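One letter stands for each residue in the lines below.
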Amino acid sequence: MRPRLLAWPPGAAYDETEVTLDASQSRHGLKVLRLSEGDEVTLASPWGLAPAVVVAADRRREVLTLKIVGEFTAESAWGPTLALPLIRPSRFDWAVEKAVELGARELWPLTPGRGRSQSPGEAKPARWLRLAEEARKQCARAVPMVVGPVLGWAGFVDRAREFAGPKLLMDPQGREWPLLEEEPLILIGPEGGFSDLEKADLSELGFWPVALGPRILRTETAALAALAQW
């Protein structure tokens, strides 16, 4: 039977032994999972998965309180960092969810020069964090995916320069996938492609062009194909 997963309440500390879930999680536990006192569940926390038992289920007020009954079990946080240009919002949302399922450790939303016309102020990082957390619960992933701030090109170059692992650029004209012993930074091209100046930056940063097959893939498809290949 699939574990019944609920999300750790925001602001609750690591050493708390009893936690009251937030409104949405309480409602989900009471109305969807139909939990009652004594039922066993799994909490997805920032420190991993923890077994818990329901100690209070108030259906009138829609309040659910759980007691932690075991240790946090955290899986390895090893995984790639995905730099993904902003695309149509619904497609970007979908890519966020699937990146969690496929093991991305961190997501860098990106606005290159020829990317979708969407400024950081119009982006929805809070929504992406919520989608990532929901996807983590769904796939029983212990370690959350980090969703970074939206990066302009200069900000991306600065962060990529500090990245210690291999840097891979998904490119239809690229080479075979290399053997990796470190966490890579995987960069997906924007819908309009990179400008000549951006290509020069990527060459200076040491990005390795990698092909994902004979076809030109959509941005979100390339991201998931790269994560699956990794």
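Residues numbered from 1 in each chain as written. Predicted model: local features only at pLDDT ≥ 70, side-chain atom pairs only at ≥ 80, totals over all residues. Heavy atoms only, no water.

A. Structural context of the sheet that holds strand E1 (residues 5-7). Read from one edge of the open sheet, 5 strands run E1-E3-E4-E5-E2, paired in mixed fashion. Every interior strand has two partners, whereas the edge strands, E1 and strand E2 (18-20), have only one. Along the sheet, successive strands turn relative to each other by an average axial angle of 40 degrees, direction set aside. The strands that helix H1 (residues 23-32) touches are E1, strand E4 (48-58) and strand E5 (63-68); relative to E5, the one it contacts most, it runs at about 90 degrees. (Pairing = 2+ DSSP bridges. Helix = DSSP H or I, 4+ residues; strand = E, 2+ residues; numbered from the N terminus. Axes fitted to C-alpha atoms, helices over the stretch in contact; angles between N-to-C directions. Contact = heavy atoms within 4.5 Å.)

B. Unusual backbone geometry, seen in detail. Phi is positive for Arg34, which is not a glycine, with a value near 55 degrees. Inspection of the secondary structure assignment puts Arg34 in the loop between H1 and strand E3 (40-45). With a phi angle near 55 degrees, Glu62 is a residue other than glycine that sits in the positive phi range. Assignment of secondary structure puts Glu62 in the loop between E4 and E5.

C. Focus on the nonpolar core. The biggest cluster of nonpolar side chains holds 29 residues, and the ones touching the most others in it are Leu82, Met145 and Ile188. Those elements that provide at least two residues to this core are strand E6 (81-85), helix H2 (89-101), helix H3 (125-138), strand E10 (167-175) and helix H6 (219-229). With residues up to four places along the chain from it excluded, the contact list for Leu82 reads Ala99, Glu106, Leu107, Trp108, Ile186, Ile188, Ala223 and Leu227. (Core = buried A, V, L, I, M, F, W, Y, C linked by side-chain atoms within 4.5 Å. Buried < 20%, exposed > 50% of the residue type's maximum accessible area, 1.4 Å probe, protein only.)

D. Focus on the pattern of salt bridges. Taken as a whole, this structure holds 12 salt bridges when the rule is applied. In this structure, the salt-bridge partner of Lys98 is Glu101, at a minimum N-O distance of 3.4 Å. One end of the pair is Lys98 and the other is Glu101, both in helix H2 and 3 residues apart, which spans about a single turn. Overall, the relative accessible area of 24% leaves Lys98 in the partly exposed class. We note a salt bridge from Asp158 to Arg161, for which the minimum N-O separation is 3.9 Å. Taken together, the positions of Asp158 and Arg161, both in helix H4 (residues 153-162) and 3 residues apart, correspond to about one turn of that helix. Among the residues examined, Arg161 registers a relative accessible area of 47% and is labelled partly exposed. (Salt bridge = Lys/Arg side-chain N within 4 Å of Asp/Glu carboxyl O.)

E. Representation of the pairing of E4 in the model. Taken together, the 6 bridges between E3 and E4 define a ladder with antiparallel strand orientation. Bridge pairing in E4 places Val41 opposite Ala52. If you look at the hairpin formed by E3 and E4, you'll find 2 residues sitting between the two strands. In the sheet, E4 pairs with E5 via 6 bridges, with the strands oriented antiparallel. Looking at the pairing, Val53 lines up with Lys67 of E5.

F. Quick peek at the packing of aromatic side chains. One pass over the full model with this rule turns up 8 aromatic pairs. Judged by centre distance (5.1 Å) and plane angle (40 degrees), the rings of Trp153 and Phe156 are tilted. With Trp153 and Phe156 both in helix H4, this residue pair falls 3 residues apart, about one helical turn. Residues Trp153 and Phe194 carry aromatic rings whose centres are separated by 5.6 Å and whose planes lie at 50 degrees to one another, so their mutual orientation is tilted. Here Trp153, found in helix H4, pairs with Phe194, found in the loop between strand E11 (185-187) and helix H5 (196-205); they are 41 residues apart in sequence, far enough to count as distant. Here the two residues Trp153 and Phe194 agree in accessibility, since each one is buried. Taken together, the ring pairs connect Trp108, Trp153, Phe156, Phe163, Phe194 and Phe207 into an aromatic cluster. Geometry around Trp208 places Arg175 over its ring, the cationic atom sitting 4.0 Å from the centre. (Phe/Tyr/Trp six-rings, centres within 6.5 Å; stacked < 30°, edge-to-face > 60°. Lys NZ or Arg CZ within 6 Å of the ring centre and 35° of its normal.)

G. View of the environment of Ala223. Here Ala223 is to be found in helix H6. A sequence separation of 37 residues divides Ala223 from Ile186, and the C-alpha atoms of the two residues are 8.1 Å apart. Ignoring sequence-local partners within four residues, the contact set of Ala223 consists of Leu82, Leu84 and Ile188.

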